[in-house]
Amino acid sequence: MGNTQEKSPFSGGGESRLDRTAAENRSKCTEGKDQSAPGKAVANGTGSIPATVGEEPSYLDHPDGSLPPHLARIKNEGNQLFKHGQFGDALDKYSQAIEGCAEAGISSPQDLCILYSNRAACYLKDGNSTDCIQDCTKALDLQPYSLKPLLRRAMAYESLERYRNAYVDYKTVLQIDTGVQAAHDSVHRITRMLIEQDGMVWREKLPEIPVVPLSVQQEHWEKPVSMEQERARAARVAQDEVRRKEARVSLLKQEGNDLVKRGHFHDAMHKYTECIAIKHDDCALYTNRAISLLKLSRFQEAKQDCNAALLLEPTNKKAFYRRALAHKGLQDYLSASSDLQEVLELDPNVREAEAELLVVTSLLRKSLMDDRPLQM
């Protein structure tokens, strides 16, 4: 591709934490998405996109912006190649389109910004952070405060450990769109790194963070939302809700565990009940509530919780053991014996189950003796 790829100093010998972080961030950012209607053809290994005989794929004929049809076709080929993971071939297509614009005297800021930004995405995918930064900067010179090149340049800066520059770009992204989760995550992570690196004066060493004009923010939010963007936003909302519920369940569960340790079984039972109302498919919540119910001599309810736990995890030892205790409390010694044997089949080293089995066996024999009819 005629570009010397700069490798970061931590790339040799194995994958560093930052490599993994940058890769995760790249996966969060939608890249190379300036596409027309998606075609049905699949990119092949040569970088061309085969068409059905006698039929030209419609996405190749649809011009974007002010690009003439032949350059729009090249750009859209690049989009399809990028979509199918052929980043080197996609990069060549974007370069052809950029060169074609120069030859044709086309200076449309919007179209050139997209081409440079898309080519930067290819560089980023190939690990060529230096050329990615250069192309993003060109895109931003053409259209200041364009979201995608800002985010891609931030990722490239981060991969080169240029954390202060990355921080500035991520913060600029969040002025434009506060919903970019990748930027939020990166700001938190880089803040910790800069504090470790520069101490409490880390902010004083940052480059100036530009103030995004309100008109730019309004323009961004007034843009029509594509189906894909709508799905992405809905996914973020759903993900945030899942995280909120997980945090709530974790807190309530810990409170319940602490209450059990202090012998406050009634209060603990209510904490676990709140957890189950939020997350009804967590086996541990049922087995934990069963402990409180057993301590409160509510054996039938404890048995039901263990049944629910075993539906979720059919080989859960705790559920079998606690159900055995519930059966014992209900004086169903045969069922208790069966559950304890199940525990020992799963793990012969559970001493509590061994000891309890001896007790239950003795109780079973006694009950059978008591029920035996008198001999005449």
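About the criteria used
Residues numbered from 1 in each chain as written. Predicted model: local features only at pLDDT ≥ 70, side-chain atom pairs only at ≥ 80, totals over all residues. Heavy atoms only, no water. Helix = DSSP H or I, 4+ residues; strand = E, 2+ residues; numbered from the N terminus. Buried < 20%, exposed > 50% of the residue type's maximum accessible area, 1.4 Å probe, protein only. Contact = heavy atoms within 4.5 Å. Areas by Shrake-Rupley, 256 points an atom, 1.4 Å probe, with all protein chains shown as cover. Salt bridge = Lys/Arg side-chain N within 4 Å of Asp/Glu carboxyl O. Expected span 1.5 Å × (residues − 1). pLDDT = per-residue confidence, 0-100. Core = buried A, V, L, I, M, F, W, Y, C linked by side-chain atoms within 4.5 Å. Phe/Tyr/Trp six-rings, centres within 6.5 Å; stacked < 30°, edge-to-face > 60°. Axes fitted to C-alpha atoms, helices over the stretch in contact; angles between N-to-C directions. Parallel < 35°, antiparallel > 145°, perpendicular 65-115°, else oblique. Left-handed = near helix turned anticlockwise from the far one by under 90°. Nonpolar A, V, L, I, M, F, W, Y, C, P; charged D, E, K, R; others polar. Polar contact = N/O pair within 3.5 Å; in protein donor to acceptor, adjacent residues only side chain to side chain.

1. Some points on the overall build of the protein
Here's step 1: Within the protein, the secondary structure is distributed over 17 helices and zero strands.
Here's step 2: When the 376 residues of the protein are sorted by exposure, 41% land in the buried category.
Here's step 3: Long-range contacts, defined here as pairs at least 24 residues apart, represent 58% of the contacts in the protein between residues at least 6 apart.
Here's step 4: A total of about 20,700 Å² of accessible surface is found on the protein, and carbon and sulfur atoms cover 51% of it.

2. Here's the deal with the pattern of salt bridges
Here's step 1: Summed over the entire model, instances satisfying the criterion amount to 17 salt bridges.
Here's step 2: The partner of Arg289 in a salt bridge is Asp305, and the shortest N-O contact between them spans 2.6 Å. Of this pair, Arg289 sits in helix 13 (residues 283–295) while Asp305 sits in helix 14 (residues 299–312); the two residues are 16 residues apart in sequence, bridging distant segments of the chain.
Here's step 3: Since its relative accessible area comes to 15%, Arg289 is described here as buried.

3. Points about helix 8 (residues 163–176)
Here's step 1: When the terminal C-alpha atoms of helix 8 are compared, their 20 Å separation across 14 residues agrees well with the 20 Å that a helix rising 1.5 Å per residue should span.
Here's step 2: Counting buried residues along helix 8, 10 of its 14 residues qualify, which places the element largely inside the surrounding structure.
Here's step 3: Every buried residue of helix 8 is listed here: Tyr163, Ala166, Tyr167, Val168, Asp169, Tyr170, Thr172, Val173, Leu174 and Ile176.

4. Considering the confidence of the model for the protein
Here's step 1: Summarising the model, the protein shows a mean pLDDT of 82, and 79% of its residues fall at 70 or more.
Here's step 2: Contacts from residues 1–23, a stretch scored under 50 in pLDDT, to residues over four places away or in other chains number 36 contacts.
Here's step 3: A low-confidence stretch, residues 25–64 (pLDDT under 50), is modelled with 91 contacts involving residues beyond four sequence positions or located in other chains.

5. Things to note about the nonpolar core
Here's step 1: Ranked by internal contacts, the top residues of the largest apolar core, which has 52 residues, are Cys101, Leu115, Cys132, Tyr167, Tyr170, Ile190 and Leu194.
Here's step 2: Within the residue set of this core, elements represented by two or more residues are helix 3 (69–83), helix 4 (87–104), helix 5 (109–125), helix 6 (129–142), helix 7 (147–159), helix 8 and helix 9 (181–198).
Here's step 3: Look past the residues within four positions of Tyr167 in its chain and what remains in contact with it is Val187, Ile190, Thr191, Leu194, Trp202, Arg203, Leu206 and Ile209.

6. Quick word on the packing of aromatic side chains
Here's step 1: On inspection of all chains with the given rule, the structure shows two aromatic pairs.
Here's step 2: When the ring of Phe82 is compared with that of Phe87, the centres are 5.0 Å apart and the planes differ by 65°; the resulting orientation is edge-to-face.
Here's step 3: Centroid distance Tyr167 to Trp202: 5.4 Å. Interplanar angle 85°. Geometry classified as edge-to-face. Taken together, the residues span a long stretch of sequence, with Tyr167 in helix 8 and Trp202 in the loop between helix 9 and helix 10 (214–222) at a distance of 35 residues.

7. A word on the packing of helix 13 against helix 15 (residues 317–329)
Here's step 1: Following both chains from N to C, one finds helix 13 and helix 15 inclined at 20°, their axes separated by 10 Å at the closest point. Classified by the angle their axes make, helix 13 and helix 15 are roughly parallel. For the pair helix 13 and helix 15, the crossing hand works out as left-handed. Between helix 13 and helix 15, the contacting residues are Thr287, Asn288, Ile291 and Leu294 on the first element and Ala319, Arg322, Leu325 and Ala326 on the second.
Here's step 2: Among the residues making up the contact of helix 13 with helix 15, the classes are represented as five nonpolar, two polar and one charged.

8. Some remarks on unusual backbone geometry
Here's step 1: With a phi close to 65°, Glu161 is a non-glycine residue in the positive phi region.
Here's step 2: Summarising the element assignment, Glu161 is placed in the loop between helix 7 and helix 8.
Here's step 3: What makes Glu161 partly exposed here is its relative accessible area of 35%.
Here's step 4: The phi torsion at Ser297 lies on the positive side, around 60°, for a residue other than glycine.
Here's step 5: Inspection of the secondary structure assignment puts Ser297 in the loop between helix 13 and helix 14.

9. As for the environment of Ala302
Here's step 1: Tracing the sequence through the fold places Ala302 in helix 14.
Here's step 2: A relative accessible area of 0% places Ala302 in the buried class.
Here's step 3: When the C-alpha atoms of Ala302 and Arg322 are compared, they prove to be 7.8 Å apart, with 20 residues separating the residues in sequence.
Here's step 4: Once you skip the residues sitting within four places of it in the chain, Ala302 turns out to touch Ala290, Leu293, Leu294 and Ala326.

10. Examining the side chain of Ser159
Here's step 1: Within the secondary structure, Ser159 sits in helix 7.
Here's step 2: A polar contact is formed between the side chain of Ser159 and the side chain of Ser129, at a distance of 2.5 Å.

11. Regarding helix 7
Here's step 1: The terminal C-alpha atoms of helix 7 lie 19 Å apart, and with 13 residues this matches the ideal 18 Å at 1.5 Å per residue to within 8%.
Here's step 2: Taken as a whole, helix 7 has its buried residues at Pro149, Leu150, Leu151, Arg152, Arg153, Ala154, Met155, Ala156, Tyr157, Glu158 and Ser159.

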